[in-house]
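Inside the fold
So the chains spell out like this:
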Amino acid sequence: TGTGTFFIYNPTHLEQAGVLNIQQGVFNLDNATHALSGLTTLAADSSLDLSSGSSIAVSGTARFTGDGVVRHNSATVTLGNGARIDADYALAGGTLNIGGAAVMNGDLAWTGGIITGDLVAPGTLTLNGVLSQTGNTTVYLRNGTQLVHANTSGASRISNTSGSGFNIEFGATFRNTGTLTIDIQNAGSIMYIDHDSGAAGTFENTGTLTKVGAGR
């Protein structure tokens, strides 16, 4: 216990196949290769930080639960087929690889970084929690990966203020089957959902999509 930060740092790596209880403070996986296949529980106001050049394999048996948050800052994380994240997930940088069918039941705060996978065998990430895609940094969905937004609460927002915004490229697909708002508050602002590289992506709406704000 305690409110400080505990590091597992290169060259030591974590193989977590049991139960990891993070009750207070920060548990940081830093600058090494780690493997997570067990249950991680995060108490309120605690976090699991994935950062600083780490390569983290999350197997299909891995589960993340609780009122804390998984903070993905600059690591490369691969979610295996069947992986499930019930805690909130904050993607601020680095790469999130989808290696099959993975599920997020917690909220996704996406302010930076890349969601991608294997272009030959692309995966699908289904988001049942609230999506908050904010900030002023371009984010990327790539390599045939499908990101399915299924939350129907009405709280999900895309409100990126970057000049480039949200790039869907190399054949990736963003599919809204829930309720999603495009929020551009400032009259002089322009939001782009486009692509920079590779085959064009797809933004598919089969749910409810609403645009608000004076911007365009």
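Report on the accompanying structure.

Among the five residues in strand β25 (residues 179-183), four count as buried, and that is most of the element. Across three bridges, the pairing between strand β22 (residues 156-158) and β25 is parallel. Residue pairing across strands places S156 opposite L180, the latter belonging to β25.

We now examine the packing of aromatic side chains. If you walk through the whole model with that rule in mind, you get four aromatic pairs. Both rings, one in F6 and one in F27, keep their centres 5.1 Å apart while their planes meet at 55°; by these two values the pair is tilted. In this pair, F6 is assigned in strand β1 (residues 5-9) and F27 in strand β4 (residues 26-30), connecting sequence segments 21 residues apart. You can call F6 partly exposed: its relative accessible area is 45%. Aromatic side chains F166 and F174 sit 5.7 Å apart centroid to centroid with 85° between the ring planes, which places their arrangement in the edge-to-face category. A single burial state applies to F166 and to F174, both of which are buried. By way of ring pairs, the aromatic residues W110, F166, F174 and F203 are connected into one cluster.

With that out of the way, let us pick up the sheet that holds strand β11 (residues 76-80). Pairing is parallel across the open sheet formed by nine strands, whose spatial order is β2-β5-β8-β11-β14-β17-β20-β23-β26. Among the strands making up the open sheet, the edge pair consists of β2 (15-16) and β26 (193-194). Here five bridges tie β11 to strand β14 (residues 95-99), and the two strands are oriented parallel to one another. Looking at the pairing, T78 lines up with N97 of β14.

What the rule picks out here adds up to five salt bridges. Notably, a salt bridge pairs R142 with E169, separated by 2.6 Å at the nearest N-O pair. One end of the pair, R142, is in the loop between β20 (139-141) and β21 (146-149); the other, E169, is in the loop between β23 (166-168) and β24 (173-176), and 27 residues separate them in sequence.

With respect to the secondary-structure elements, N167 resides in strand β23. Ignoring any residue separated from it by four or fewer positions in sequence, one finds N167 in contact with T138, V139, Y140, L141, D194, H195 and D196.

With that out of the way, let us pick up the sheet that holds strand β9 (residues 63-66). Strand pairing in a sheet is mediated by backbone hydrogen bonds. Such pairs are either parallel or antiparallel. Taken together, nine strands build an open sheet; the order of strands is β3-β6-β9-β12-β15-β18-β21-β24-β27 and the sheet is parallel. Edge positions in the sheet fall to β3 (19-22) and β27 (202-205), since each of these pairs with one other strand and no more. Looking at chain direction, strand β18 (residues 124-127) and β21 are connected through four bridges and run parallel. Counted as the bridge partner of T126 is V148 from β21.

So, about the environment of N97. In this structure, N97 sits in strand β14. Judged by relative accessible area, which is 18%, N97 ranks as buried. Once the C-alpha coordinates of N97 and T177 are considered, the two residues, 80 residues apart in sequence, prove to be 22 Å apart. Those residues in contact with N97 that sit more than four places away from it in its chain are T76, V77, T78, L79, T116 and G117.

About the cut-offs
- Residues numbered from 1 in each chain as written.
- Predicted model: local features only at pLDDT ≥ 70, side-chain atom pairs only at ≥ 80, totals over all residues.
- Heavy atoms only, no water.
- Buried < 20%, exposed > 50% of the residue type's maximum accessible area, 1.4 Å probe, protein only.
- Helix = DSSP H or I, 4+ residues; strand = E, 2+ residues; numbered from the N terminus.
- Pairing = 2+ DSSP bridges.
- Phe/Tyr/Trp six-rings, centres within 6.5 Å; stacked < 30°, edge-to-face > 60°.
- Salt bridge = Lys/Arg side-chain N within 4 Å of Asp/Glu carboxyl O.
- Contact = heavy atoms within 4.5 Å.

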